[in-house]
Amino acid sequence: MRFMVMHKMTDEMEKGLPPEPAIIEGVGKLIEEGAKEKVFVSGEGLKPSSQRVHIVYKSGKRTMTNGPFTDARELAAGFALMRVRSKEEAISWCDKLAAVLGDVELFLGAVNEAWDLGMMPKPEDAPLRFLAMHKMDERAENEAPPDPHTKAKLDALIDQMTKASVLQATGGLTSTKKGTRIRFKSGKYTVMDGPFTESKELIAGYAILDLPSKAAAIDWAIRFGEVVKVNEIEVRQMAEG
């Protein structure tokens, strides 16, 4: 079973300051352990919401709102990690996705790279990567499968993006009914099961884990939250196929 563990933005993260060395070291150890045990699949951190854009597609029209976002109500249904030449190119791929899916909301944000965190010099051919998060809607929450025509068009787009070396990773999430949130406060944590109707904080980063159960994913998320010192983490099972 695969799970997406998403930690939410904090005021400190919104300032765009590099994490403390102890946090970087702690996360590195946790990821190293996860890789050694073959449970850590991938993960990325995102830049502050001031560098993101909220894109709404409705009735064939596109509306874009630049961050920062203080009340975004982001609730993820899926994601696409893209390597592109510019932000405009990333938006153009979002347009193509909306042309397949119809009415949809996306949050598009640049990925934090190692050089952004001061861990290494920025290479001359540094990649430009963006994460597009597809916002949950009624259809996604009910886990309604796409009609065959839409699925064929989506598969063709994924194939096009892959062949163009744009798409690095993509996936869908199951209903929030199967999800869990962990909130941290004053050194303690509270675990709450879904469903969820909204999320007040944007996603600051994520990890994809291959684990035998949701309980195991929750345990990993708690350890991560204690290292990174976040306020909330959401655990969601990934859709199969």
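See the structure shown above.
Residues numbered from 1 in each chain as written. Predicted model: local features only at pLDDT ≥ 70, side-chain atom pairs only at ≥ 80, totals over all residues. Heavy atoms only, no water.

A. How the structure looks around the pattern of salt bridges. For the coordinates displayed, the defined rule picks out 19 salt bridges. In this structure, the salt-bridge partner of Lys163 is Asp159, at a minimum N-O distance of 3.2 Å. Of this pair, Lys163 and Asp159 both sit in helix α5 (residues 148-163), separated by four residues, roughly a single helical turn. Arg181 is the salt-bridge partner of Glu234, the closest N and O atoms lying 2.9 Å from each other. Of this pair, Glu234 sits in strand β12 (residues 232-237) while Arg181 sits in strand β9 (residues 180-185), and the two are 53 residues apart along the sequence. Here the salt bridges do not stand alone but share partners, grouping Lys8, Arg181, Arg183, Glu232, Glu234 and Arg236 into one network. (Salt bridge = Lys/Arg side-chain N within 4 Å of Asp/Glu carboxyl O. Helix = DSSP H or I, 4+ residues; strand = E, 2+ residues; numbered from the N terminus.)

B. Fine view of the packing of aromatic side chains. If you walk through the whole model with that rule in mind, you get four aromatic pairs. With 5.7 Å between their ring centres and 85 degrees between their planes, Phe69 and Phe107 make a pair best called edge-to-face. One end of the pair, Phe69, is in the loop between β4 (61-66) and β5 (76-84); the other, Phe107, is in strand β6 (residues 104-112), and 38 residues separate them in sequence. In this structure, Phe69 and Phe107 share a single accessibility class: buried. (Phe/Tyr/Trp six-rings, centres within 6.5 Å; stacked < 30°, edge-to-face > 60°. Buried < 20%, exposed > 50% of the residue type's maximum accessible area, 1.4 Å probe, protein only.)

C. Main features of α5. For α5, built from 16 residues, the straight-helix expectation of 22 Å at 1.5 Å per residue is met to within 8% by its first-to-last C-alpha distance of 22 Å. Looking only at α5, the buried set comprises Thr150, Leu157 and Met161. The arc enclosing the buried residues of α5, seen along the axis, measures out at 35 degrees, which places them on a common side. Within α5, the exposed residues directed more than 90 degrees away from the buried face are Pro148, His149 and Lys163. Summarising the contacts, the buried residues of α5 are in contact with β5, α3 (87-101) and β8 (167-172). At the N-terminal boundary of α5, the capping side chain belongs to Asp147, with an oxygen 3.0 Å from the backbone nitrogen of His149. Following α5 by one or two positions, Ser165 has its phi on the positive side, about 60 degrees. (Expected span 1.5 Å × (residues − 1). Arc of directions from axis to C-beta. Contact = heavy atoms within 4.5 Å. Polar contact = N/O pair within 3.5 Å; in protein donor to acceptor, adjacent residues only side chain to side chain.)

D. The arrangement of unusual backbone geometry in detail. In this structure, the amide linkage connecting Gly67 to the following residue, Pro68, adopts the cis form with an omega of 10 degrees. Relative to the elements of secondary structure, Pro68 occurs in the loop between β4 and β5. Here the amide bond leading from Gly194 into Pro195 is cis, since omega sits at 10 degrees, within 30 degrees of zero. A positive phi angle, near 60 degrees, is found at Lys38, a position not held by glycine. Residue classification places Lys38 among the exposed positions, given a relative accessible area of 72%. In the Ramachandran plot, Glu143 falls in the positive-phi region, its phi being about 55 degrees despite a non-glycine side chain. Locating Glu143 in the fold gives a position in the loop between α4 (138-141) and α5. On the accessibility criterion, Glu143 (36% relative accessible area) is partly exposed.

E. Structural context of the nonpolar core. Among the nonpolar cores identified, the biggest contains 23 residues, and Met82, Cys94 and Leu108 are the most heavily contacted of them. Residue assignment for this core shows that the elements contributing at least two residues are β3 (52-58), β5, α3, β6, β7 (128-135) and α5. Residues in contact with Met82, not counting those within four places in the same chain, are Ala90, Trp93, Cys94, Leu108, Leu128, Arg129, Phe130, Ala132, Met161 and Val166. One finds Val5, Val39, Ala217 and Val230 within the second-largest nonpolar core, a separate group that totals 22 residues. (Core = buried A, V, L, I, M, F, W, Y, C linked by side-chain atoms within 4.5 Å.)

F. Representation of the packing of helix α2 (residues 21-36) against helix α6 (residues 214-228). Viewed as axis vectors pointing N to C, α2 and α6 meet at an angle of 160 degrees, and their least axial separation amounts to 9 Å. Here α2 lies roughly antiparallel to α6, going by the angle between them. As for the relative orientation of α2 and α6, their crossing is right-handed in sense. Facing Ile23, Gly26, Val27, Leu30 and Glu33 of α2, the residues of α6 in contact are Trp220, Arg223, Phe224, Val227 and Val228. (Axes fitted to C-alpha atoms, helices over the stretch in contact; angles between N-to-C directions. Parallel < 35°, antiparallel > 145°, perpendicular 65-115°, else oblique. Left-handed = near helix turned anticlockwise from the far one by under 90°.)

G. Region of the structure containing the pairing of β6. With seven of nine residues buried, β6 is to be regarded as a mostly interior element. Pairing between strand β2 (residues 40-46) and β6: two bridges, direction antiparallel. What sits directly across from Leu46, in β6, is Val111. Sheet analysis places β3 next to β6, joined by six bridges and oriented antiparallel. Bridging across to β6, Ile55 finds its partner in Leu106. (Pairing = 2+ DSSP bridges.)

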